[in-house]
Amino acid sequence: MSAEEPWTVGRLLKWTADYLQQQKHADSPRLDAELLLAQALGCKRIELYTRFDEVVADEPRGKFRGLVKQRASGMPVAYLLGRKEFYSRDFKVTQDVLIPRPETEHLVIAALDRLREIAKSGAPQICDVGTGSGCIAITLAKELKTLQATAVDISPAALQIAQANAEKHEVADRVVFVESDLLNALDEQPTLDVIVSNPPYIGLVEKPTLPRDVLEFEPHAALFSGEDGLDAIRELVAQAPSRLKPGGWLLIEFGPIVAEAATAIVAGSPHFEPPTVEKDLAKLPRVLIARRKAD
Ligand SMILES: C[S@@+](CC[C@H](N)C(=O)[O-])C[C@H]1O[C@@H](n2cnc3c(N)ncnc32)[C@H](O)[C@@H]1O
């Protein structure tokens, strides 16, 4: 291909996908290239397919070059775009919040199964612990019109993003954001029907094994929880019973490495019925579900 050949949409995409392919951390180079070029051009990704032969002007090409450079250095696409889709809705993200993961949709589905039952006899009250971008609490509020949520996080910067997302999705009147270390800021009153949490659950011992784009770009408060990854879960299991109604539910997302130990923590609590664990699409243990014993 000659140097004079114009940089069309098609040529830029091919060159960039090949370039990103050579970078170890790009799992989906062609998709990344398309998303970044659409961002630089200010159009939808799908529109690129009808613009293949269009020559890209200097300004968007410069912007695209900047984005590709950052992607090649490991910056996740979601941070470069400033958004991530979760449960078919767009959430604003910055490096102050974890990028919502598809696995977390299992947690939302498991919570909705229980909340729909509870909603038959009144407006469900929930708490989302470690809300990050707010994706869990906001999705639950969107799916259940009567739901009232308190969403807590230890990070004020994350709470600002979550608040912006609640406003964007028009649930700010039903989701209250509170800066809190786990449930500390909530009264010890059994008012909640459900406590849902995707807490940090990676052990510091696992740090060397994490992919670079996670370790270098996502907030460590969202990832790590003590040497074994269980500090937040241990404390949450201790704090939850005094805030949950008898018969209320505790739902926690975790990863396969801590699954057994986390399940044992809940099983060892005198306040919960024996927990169950649901698997994700990869058949890995992902969501722990425990019911608070009736008094
Ligand atoms: C794994 S991220 C989950 C974010 C979001 N809920 C999601 O699923 O995408 C964990 C979140 O917990 C927050 N966090 C960590 N330790 C906490 C603590 N002790 N109390 C409250 N939030 C905490 C982090 O700031 C981060 O936003």
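Structure's up top.
Everything quoted here is computed from the prediction, not taken from an experiment.

**Some points on the sheet that holds strand β7 (residues 244-253)**
Logical step 1: Read across the sheet, 7 strands follow the order β5-β4-β3-β6-β7-β9-β8 without closing on themselves; strand pairing throughout is mixed. Both edges of this open sheet fall to β5 (175-179) and β8 (276-279), since each of them pairs with a single strand only. For this sheet, the mean inter-axis angle between neighbouring strands, taken without regard to orientation, is 20°.
Logical step 2: Where strand β3 (residues 125-129) meets strand β4 (residues 148-153), 5 bridges bridge the pair, whose relative direction is parallel. Residue pairing across strands places V129 opposite V152, the latter belonging to β4.
Logical step 3: Along the sheet, helix α5 (residues 104-119) makes contact with β3, β6 (192-197), β7, β8 and β9 (285-291), crossing β7 at roughly 165°.

**What to know about the site of the ligand**
Logical step 1: For the ligand, the set of nearby residues contains 19 residues, the closest of which are G130, D153, D181, L182 and N198.
Logical step 2: At 3.4 Å from a nitrogen atom of the ligand is found a main-chain nitrogen or oxygen belonging to S180.
Logical step 3: A distance of 2.7 Å separates a nitrogen atom of the ligand from a polar atom in the backbone of L182.
Logical step 4: Contact with the protein chains covers 93% of the free accessible surface of the ligand, which is 590 Å².
Logical step 5: The cavity that encloses the ligand is the largest pocket.

**A word on the packing of helix α1 (residues 9-21) against helix α2 (residues 29-41)**
Logical step 1: Two numbers describe how α1 lies on α2: the axes approach to 8 Å, and their chain directions differ by 135°. Put simply, α1 runs oblique to α2. For the pair α1 and α2, the crossing hand works out as right-handed. Between α1 and α2, the residues in contact are V9, L12, L13, K14, T16, A17, L20 and Q21 and P29, R30, D32, A33, E34, L37 and L41, respectively.
Logical step 2: Of the residues contributing to the contact of α1 with α2, the split by class is 9 nonpolar, 2 polar and 4 charged.

**Comments concerning α1**
Logical step 1: Across its 13 residues, α1 extends 18 Å between first and last C-alpha, which sits within 8% of the 18 Å expected from 1.5 Å per residue.
Logical step 2: Among the residues of α1, V9, G10, R11, L12, L13, T16, A17 and L20 are the ones counted as buried.
Logical step 3: Of the surrounding elements, those touching the buried residues of α1 are α2 and α3 (58-72).

The rules behind the values
- Residues numbered from 1 in each chain as written.
- Predicted model: local features only at pLDDT ≥ 70, side-chain atom pairs only at ≥ 80, totals over all residues.
- Heavy atoms only, no water.
- Pairing = 2+ DSSP bridges.
- Helix = DSSP H or I, 4+ residues; strand = E, 2+ residues; numbered from the N terminus.
- Axes fitted to C-alpha atoms, helices over the stretch in contact; angles between N-to-C directions.
- Contact = heavy atoms within 4.5 Å.
- Near = heavy atom within 4 Å.
- Polar contact = N/O pair within 3.5 Å; in protein donor to acceptor, adjacent residues only side chain to side chain.
- Areas by Shrake-Rupley, 256 points an atom, 1.4 Å probe, with all protein chains shown as cover.
- 1 Å grid on protein atoms, 1.4 Å probe; cavity = no way out; pocket = protein on both sides within 12 Å on 5 of 7 lines; lining within 4 Å.
- Sits in = over half its atoms within 2 Å of the grid points.
- Parallel < 35°, antiparallel > 145°, perpendicular 65-115°, else oblique.
- Left-handed = near helix turned anticlockwise from the far one by under 90°.
- Nonpolar A, V, L, I, M, F, W, Y, C, P; charged D, E, K, R; others polar.
- Expected span 1.5 Å × (residues − 1).
- Buried < 20%, exposed > 50% of the residue type's maximum accessible area, 1.4 Å probe, protein only.

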